[in-house]
Amino acid sequence: MAFEPSSSSVNPHHRSPEYNALLLAGPRLGPLKQAHARLVVAGHGRSLPLTTKLATLAVAAGASSYAHLLAASHPAPDSFLYCTLTRAAAHRGLPAAALAFYRCLLAAALPFSSFAFTAVAKACADMSALRAGMAMAGEAPDSATFVATLSACAQAGALDLGRELERRIVSERMDMSVFLGAALVNMYVRCGLVNKAREWFDMLQERNVVTWTSMIAGYGMHGHGHDAIKLFHLMRREGPPPNDVTFVAVLSACAHAGLVSEGRDAFATMKTVYGLVPRAEHYCSMVDMYGRAGLLDDAMQFIRDSIPGEPGPEVWTAMLGACKMHKNFNLGVEVAERLIALEPENPSHRVLLSNIYALSGKMNHVEKVRNVMIKRRLKKQIGYSLIEIGGIAHLFRMGETSHPQTRDIYQYLEELICRITDAGYVAETDSVLHELEEEEREFTLRYHGEKLAVAFGLMMSTGSTDPIRIIKNLRICGDCHLAIKYMSAVENREIIVRDKHRFHHFKDGKCSCQEYW
DNA sequence: ATAGGGTTAG
């Protein structure tokens, strides 16, 4: 046992039984309330540090309203308290609570701190509410603020804002830390400009494993598997040692580009050369890689022989996707049933099962699955597509009618559909056939969010040659994929769609994914 | 005494 440094004896509060009780309770509401009671009895109810620690743990326990009560009932809450709670809520994936704590900070006229900003930026990105975040932008932003904001742009796909930040970083000659460099690379990757990301990557003075991994993952996401592998080999020669995350990126890149032998090599290298232990994500990518390539037997054999213990639901989900892609209905049904047994409350498994039944023509089974879903109140996720025009994000759900230019957008789309139909587009009219896992089917395919967003983008930029960029929260459906290919041809425009898993670059009637999604 | 930022699957 190492010698314990004496720093704790300098700060007697570290040893206070109340503080220890809080640490011991951890992020669990019951024990926290007991520790709270003890703290009050001991007469420390007004201690700000203890209140802060207690409230922060309450947020971590998911009890943000309890934390709210604690903060609000303190006679003199400080900026630190609300900054910390903002951060804790954003960290816990509670963006609305994060913004609420930030509002308390503003309402109490407490001094603003860039610590709060980084948390608010994350919260806003989680809610796709970048404009709310930017409406804050207060004190002179520091490097960490830029990193957090770039990260928010990356998540939201907000290219215009990302470019604006880049301009400021360059013009203010900001110190290009390894954090800032990686954030820039990642922003460009996730906003669809993989070449621009590479330019930054090459320019950076300092690159660590995260920078390399971001760039490799970027190539993978854009379907440039060979570039991903090339960069990975360069990394092995000249860069830092790859870590487990790097290998997730490499394997995923192989899966999305059909590079089976390269992926198999990387998986072996990971274990033998770098001594890394594969996790669920790695197994999942391997199964996905075999599955996408149509090697369903290899995928099943990998699951049987190479995955220790019981494979998790992620692995079976990848397998199910492969069954659906390659129309192996019997295996698909078997896998789907296994998945439903593992995760009965997850609606997407049932949607996939119903799709498989639909594809194999067993409509009575489809009905049965849907009835179970209705009975259990399992709802699918709602799909939406975003397009940024002049720095403003426009959101389209299926059959969206709330946009002020709705009438014009639908008219433009109707005309566009006529023109692509003349060019040979035939809608894949059997709707169940195109319904991907979570997509609602109440609205016709004709008015899927991505079609509306593309129509809006084209309508707002006639005469321009800039690519149209769409961000979608779910996977793009087969019919939209087909329609957008035609749209790119008849409009002679590049259309870039980021879906839940990857990028599709549509140009001259073709897509960069080569139907490999 | 309590506090920030960049990477990964389906």
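What counts, and at which threshold
- Residues numbered from 1 in each chain as written.
- Chains lettered and ligands numbered in written order.
- Predicted model: local features only at pLDDT ≥ 70, side-chain atom pairs only at ≥ 80, totals over all residues.
- Heavy atoms only, no water.
- Helix = DSSP H or I, 4+ residues; strand = E, 2+ residues; numbered from the N terminus.
- Rg over C-alpha atoms; globule rule 2.2 N^0.38 Å.
- Buried < 20%, exposed > 50% of the residue type's maximum accessible area, 1.4 Å probe, protein only.
- Lys, Arg positive; Asp, Glu negative; His and termini not counted.
- Charge placed at Lys NZ, Arg CZ, Asp CG, Glu CD.
- Pairing = 2+ DSSP bridges.
- Right-handed = clockwise from strand over helix to strand, strands pointing away.
- UniProt positions renumbered as here; feature names shortened; annotations may be inferred.
- Salt bridge = Lys/Arg side-chain N within 4 Å of Asp/Glu carboxyl O.
- Disulfide = S-S within 2.5 Å.
- Core = buried A, V, L, I, M, F, W, Y, C linked by side-chain atoms within 4.5 Å.
- Contact = heavy atoms within 4.5 Å.
- pLDDT = per-residue confidence, 0-100.
- Axes fitted to C-alpha atoms, helices over the stretch in contact; angles between N-to-C directions.
- Parallel < 35°, antiparallel > 145°, perpendicular 65-115°, else oblique.
- Nonpolar A, V, L, I, M, F, W, Y, C, P; charged D, E, K, R; others polar.

- Chain A carries the name DYW domain-containing protein in an unreviewed UniProt entry, which gives Digitaria exilis as its organism.

Notes on the overall build of chain A
Now for step 1: If you tally the helices and strands in chain A, you get 27 helices and 6 strands.
Now for step 2: Taking 517 residues into account, the globule formula puts the C-alpha radius of gyration at 24 Å, and chain A, at 26 Å, falls close to it.
Now for step 3: With respect to the principal axes defined by its C-alpha atoms, chain A has extents near 75 × 55 × 55 Å.
Now for step 4: Burial status across chain A gives 50% buried among its 517 residues.
Now for step 5: Between the averaged position of the 55 positive side-chain charges in chain A and that of its 53 negative side-chain charges there is a distance of 4 Å.

Topic: the pairing of strand S4 (residues 495-498)
Now for step 1: With burial as the criterion, each face of S4 is covered, one bearing Ile 495 and Val 497 and the other bearing Ile 496 and Arg 498.
Now for step 2: Where strand S3 (residues 468-472) lies against S4, 4 bridges are found, and the strand directions are parallel. The residue bridging Ile 471 from the neighbouring strand is Arg 498, located in S4.
Now for step 3: Between the parallel elements S3 and S4, the chain passes through helix H27 (residues 478-490) in a crossover that is right-handed.
Now for step 4: Strand direction decides the pairing type here: S4 and strand S5 (residues 503-507), joined by 4 bridges, are antiparallel. Note that in S5 the partner of Val 497 across the bridge is His 504.

With respect to the UniProt feature "repeat: PPR" (unreviewed entry) in chain A
Now for step 1: Mapped onto this numbering, the UniProt entry gives "repeat: PPR" (unreviewed entry) at residues 208-242.
Now for step 2: Taken as a whole, residues 208-242 contains 77% helix and 0% strand, while its terminal C-alpha atoms sit 10 Å from one another.

With respect to the sheet that holds strand S6 (residues 510-511)
Now for step 1: Here 6 strands make up an open sheet; going across it, the order is S2-S1-S3-S4-S5-S6 and the pairing mixed. Each edge of the open sheet carries a strand with a single partner, namely strand S2 (392-397) and S6.
Now for step 2: Pairing of strand S1 (residues 384-389) with S3 involves 3 bridges; the strand directions are antiparallel. Paired with Ser 385 across the strands is Lys 472, a residue of S3.

Some thoughts on the pattern of salt bridges
Now for step 1: Under the defined criterion, the tally for this structure stands at 14 salt bridges.
Now for step 2: Measuring nitrogen to oxygen at the nearest pair gives 3.0 Å for the salt bridge that ties Glu 164 to Arg 167. With a gap of 3 residues between them, Glu 164 and Arg 167 both fall in helix H11 (residues 159-171), about one helical turn apart.
Now for step 3: A relative accessible area of 49% places Arg 167 in the partly exposed class.
Now for step 4: Measuring nitrogen to oxygen at the nearest pair gives 3.1 Å for the salt bridge that ties Arg 198 to Asp 202. One end of the pair, Arg 198, and the other, Asp 202, are both in helix H13 (residues 194-203), 4 residues apart, so they sit about a helical turn from each other.
Now for step 5: By relative accessible area, Asp 202 is classed as partly exposed at 45%.

So, the state of the cysteines
Now for step 1: Applying the stated criterion across every chain yields a total of 0 disulfides.
Now for step 2: Just so you know, Cys 418 is unpaired, no disulfide at all, and the nearest cysteine sulfur is the one on Cys 480, 17 Å from it.
Now for step 3: Cysteine Cys 480 remains unbridged, with the sulfur of Cys 477 as its closest cysteine sulfur at 3.8 Å.
Now for step 4: Taking relative accessible area as the criterion, Cys 480 reaches 0% and is therefore assigned buried.

Regarding the nonpolar core
Most often, soluble globular proteins keep nonpolar side chains buried together rather than apart.
Now for step 1: Ranked by size, the top nonpolar core spans 82 residues in total, and within it Val 287 and Met 319 carry the most contacts.
Now for step 2: Residues in contact with Val 287, not counting those within four places in the same chain, are Ala 299, Phe 302, Ile 303, Ile 307, Val 315, Ala 318 and Met 319.
Now for step 3: Core analysis: the second largest hydrophobic core is formed by 39 residues, Ala 35, Leu 54, Ala 58 and Tyr 102 among them.

Notes on the pairing of S2
Now for step 1: Two elements, S1 and S2, share 6 bridges in a ladder whose sense is antiparallel. Counted as the bridge partner of Tyr 384 is Arg 397 from S2.
Now for step 2: Where S1 folds back onto S2 in an antiparallel hairpin, the turn is made up of 2 residues, including Gly 390, whose phi is positive at roughly 55°.

A closer look at the confidence of the model for chain A
Now for step 1: Model confidence for chain A is summarised by a mean pLDDT of 87, while 92% of its residues fall at 70 or above.
Now for step 2: Segment residues 1-14 is flagged for pLDDT under 50; beyond a separation of four residues in sequence, or across chains, it makes 5 contacts in the model.
Now for step 3: Contacts for the low-pLDDT stretch residues 430-443, under 50 throughout, to residues beyond four places or in other chains number 52 contacts.

Description of the environment of Ala 63
Now for step 1: Looking at the element boundaries, Ala 63 is found in the loop between helix H4 (48-60) and helix H5 (64-72).
Now for step 2: Counting along the chain gives 35 residues from Ala 63 to Arg 28, while the straight-line C-alpha distance between them is 9.2 Å.
Now for step 3: Beyond its immediate chain neighbours, meaning those up to four positions away, Ala 63 contacts Leu 29 and Ala 58.

What about the packing of helix H2 (residues 17-25) against H4?
Now for step 1: Close contact between H2 and H4 brings their axes to 10 Å; oriented N to C, the two are set at 10°. Overall, the two elements H2 and H4 adopt an arrangement that is roughly parallel. Note on element contacts: H4 touches H2 through Leu 50, Lys 53, Leu 54 and Leu 57, opposite Glu 18, Tyr 19, Leu 22 and Leu 23.
Now for step 2: Among the residues making up the contact of H2 with H4, the classes are represented as 6 nonpolar, no polar and 2 charged.

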